[in-house]
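Notes for the structure review
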Amino acid sequence: MENVYLKRAKELTGELTDHRRTVHGYAETEFDLPKTLAFVEAELKSYGYEPVRMGRAGIACTVGKPGKCILLRADMDALPMAEETGYEFAATNGNCHSCGHDCHVSMLLAAAKMLKEREAELKGTVKFMFQPAEEKLAGAQDMIDAGILENPKVDAAVGLHVAVGWDNSDLGRILYARGPAMYAANAIRIRVEGKSAHGSTPFAGVDAITIAAHIVIALQEILAREIPCTDHSIVTIGKIKGGDTENTIGGHAEMWGAIRTTSYENLNFLLKRVQEISAGVAETYRGKAVAEKVYGIGPLYNDPALSDQIGKYCREMMGEDKVDDIGTRFGTEDFAVIGERIPAVMLNIGAGNIADGCDRTLHHAGMTLKEEVLPLGAAVYAYCAERYLSEAE
């Protein structure tokens, strides 16, 4: 017999598609989501909810009765890149939903509708988290600061993200990891100070550009000699600028980069070594350098026990052969800050693989996906929430 939520979600396919395309066309970024927020609030109110604004641009609401509480999260923001999909409903404002957050909004709205229809059967509370600024790695923390995990206190959390352009991201396949699931990512800035001089008298100056070049090379020695190769850490310098003119010794330079790793221990170690090496190399060449963390997020950790539990529910609904443990992925997700505080699990749901023609992955301006994933994702959200509460009672 077909799962009741999957059956109902398929009946809502037209609504799910319309919602996804509406939000897709808005393509608003970071915390600046006026159209998206108004749309989500209006839909939730039409289902009988009383949504509340939370933090700078989040929305929360609940369904059910007192008891255990599970949180379902969807991110809402787009990316600041011009869309190249060719969709007739493509965004025209210079932004695009190339990370699939438009799908997440549509799925969670449908889950909220279905759970409201079956509210009398819920054995606890489901809290919905519509979150801004995931791409800025700031929205989840903002909603935590505003109290999303309290009143009622949240016992567990589930996030869902579409997967596109992977070999194993075929439609409806559920992919997740037990334990470390995604990388920590921290942006770093290194400022180098030297002394300007005319190009004809380099001995009168201190070349900050040369110092910056030596720092870039030296930083790679951390990975080659100080971090085990099994620890999956990356230090990248992606941007350098410095100097004033082509015929003078540059008296200043600035570098921007990123650190990625799967543990807080390695993250803290790498930040410390970047600072030490930058300062030491600069001193060797008579200059100064200061390295600092600008922003970032820790590694995403899927609670193993909750992962097993949610994985079991997904297998019940989707079938044993449709659920896989994929291990740690290279990306970053600000759902990590929720997982630091309570048991949480991030699921990926296949929305088109390479063989399907979905060969452009997330964050590509031309990324396309199969909209048939929308009812599947909505059903996963809703069924996992109801099953969790039924077993937690």
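Residues numbered from 1 in each chain as written. Predicted model: local features only at pLDDT ≥ 70, side-chain atom pairs only at ≥ 80, totals over all residues. Heavy atoms only, no water.

**Considering the overall build of the protein**
In terms of helices and strands, the protein carries 10 helices and 16 strands. Taken over the C-alpha trace, the protein has a radius of gyration of 24 Å; the compact-globule value for 393 residues is 21 Å, and the two agree within 12%. Counting only C-alpha atoms, the protein reaches 80 × 45 × 45 Å along its principal axes. Out of the 393 residues in the protein, the part that is buried amounts to 55%. For the protein, the computed accessible surface area is about 16500 Å², with 50% contributed by carbon and sulfur atoms. One finds the centroid of the 41 positive side-chain charges in the protein at a distance of 2 Å from the centroid of its 56 negative side-chain charges. (Helix = DSSP H or I, 4+ residues; strand = E, 2+ residues; numbered from the N terminus. Rg over C-alpha atoms; globule rule 2.2 N^0.38 Å. Buried < 20%, exposed > 50% of the residue type's maximum accessible area, 1.4 Å probe, protein only. Areas by Shrake-Rupley, 256 points an atom, 1.4 Å probe, with all protein chains shown as cover. Lys, Arg positive; Asp, Glu negative; His and termini not counted. Charge placed at Lys NZ, Arg CZ, Asp CG, Glu CD.)

**Points about unusual backbone geometry**
At the junction of Asn151 and Pro152, the peptide bond is cis and its omega measures out at 0 degrees in the coordinates. Along the polypeptide, Pro152 turns up in the loop between helix H5 (139-145) and strand S5 (156-163). With a phi angle near 50 degrees, Glu30 is a residue other than glycine that sits in the positive phi range. Positive phi, normally seen in glycine, also occurs at Asn151, with a value near 50 degrees. Position of Asn151 relative to the elements: it lies in the loop between H5 and S5. For Asn151, a relative accessible area of 75% puts it in the exposed group.

**Focus on the sheet that holds strand S13 (residues 288-297)**
Reading across the sheet, the 4 strands line up as S10-S12-S8-S13 and stay open at both edges, with antiparallel pairing between neighbours. The sheet terminates laterally at strand S10 (234-242) and S13, the two strands that pair on one side only. The sheet shows a mean angle of 20 degrees between the axes of neighbouring strands, taken without regard to direction. As paired elements, S10 and strand S12 (residues 252-261) share 8 bridges and run antiparallel to each other. In the strand pairing of S12, Gly242 is matched with Ala253. (Pairing = 2+ DSSP bridges. Axes fitted to C-alpha atoms, helices over the stretch in contact; angles between N-to-C directions.)

**Considering the side chain of Thr332**
Locating Thr332 in the fold gives a position in the loop between strand S15 (323-325) and helix H9 (336-339). Side-chain polar atoms of Thr332 contact the backbone oxygen of Tyr183, separated by 3.5 Å. A distance of 2.6 Å separates a polar atom in the side chain of Thr332 from a polar atom in the side chain of Arg260. Here Thr332 is in contact with Glu134, Leu137, Met182, Tyr183, Ala184, Ala185, Arg260 and Ile297, once residues within four sequence places are set aside. (Polar contact = N/O pair within 3.5 Å; in protein donor to acceptor, adjacent residues only side chain to side chain. Contact = heavy atoms within 4.5 Å.)

**Focus: the sheet that holds S15**
In spatial order, the strands read S1-S2-S4-S3-S5-S16-S6-S15; together these 8 strands make up an open sheet with mixed pairing. Of all the strands in the sheet, the pair left with one neighbour each is strand S1 (52-54) and S15. Geometrically, the sheet is characterised by an average inter-axis angle of 30 degrees between neighbouring strands, direction not taken into account. Relative to strand S4 (residues 125-131), strand S3 (residues 69-75) is paired through 7 bridges, and the arrangement is parallel.

**Section: helix H10 (residues 373-392)**
Taking 1.5 Å per residue as the helical rise, H10 with its 20 residues ought to reach 28 Å, and the 28 Å between its terminal C-alpha atoms agrees with that figure. Burial analysis of H10 places 17 of its 20 residues in the buried class, the great majority of the element. (Expected span 1.5 Å × (residues − 1).)

**What about the packing of aromatic side chains?**
Counting across every chain of the model gives 5 aromatic pairs. Ring centres 6.4 Å apart and planes at 75 degrees place the aromatic pair Tyr26 and Phe39 in the edge-to-face group. Of the two residues, Tyr26 sits in helix H2 (residues 13-26) while Phe39 sits in helix H3 (residues 34-46), which places them 13 residues apart along the sequence. When the ring centre of Phe31 is taken as origin, the NZ or CZ atom of Arg56, which lies over that ring, is 3.8 Å away. Sitting over the ring of Tyr5, Arg118 keeps its end group 5.2 Å from the ring centre. (Phe/Tyr/Trp six-rings, centres within 6.5 Å; stacked < 30°, edge-to-face > 60°. Lys NZ or Arg CZ within 6 Å of the ring centre and 35° of its normal.)

**Observations regarding the environment of Ala163**
Here Ala163 is to be found in strand S5. Classification of Ala163 by relative accessible area gives buried; the value is 0%. Each C-alpha atom, one on Ala163 and one on Leu175, is 8.5 Å from the other, the two residues being 12 residues apart in sequence. Non-local contacts of Ala163, meaning those with residues more than four positions away in its chain, are made with Ser169, Asn348, Ile349, Gly350, Ala351 and Gly352.

**Here's the deal with the packing of H2 against H10**
Between H2 and H10, the shortest axis-to-axis distance is 9 Å and the interhelical angle comes to 100 degrees. Compared by their axis directions, H2 and H10 come out roughly perpendicular. On H10, the residues that touch Thr13, Leu16, Thr17 and Arg20 of H2 are Leu374, Pro375 and Ala378. Counted by class, the contact of H2 with H10 contains 4 nonpolar, 2 polar and 1 charged residues. (Parallel < 35°, antiparallel > 145°, perpendicular 65-115°, else oblique. Nonpolar A, V, L, I, M, F, W, Y, C, P; charged D, E, K, R; others polar.)

**What about the nonpolar core?**
Ranked by size, the top nonpolar core spans 71 residues in total, and within it Leu44, Met107, Leu115, Val126, Phe128, Leu347 and Val380 carry the most contacts. Examining the composition of this core, we find that 13 residues originate from one element, H10, more than from any other. Apart from the residues within four sequence positions on either side, Leu347 is in contact with Val158, Gly159, Leu160, His161, Ile174, Leu175, Tyr176, Ile310, Cys314 and Val380. Ala184, Leu219, Ile259 and Ala282 belong to the second-largest nonpolar core, a separate cluster that totals 27 residues. (Core = buried A, V, L, I, M, F, W, Y, C linked by side-chain atoms within 4.5 Å.)

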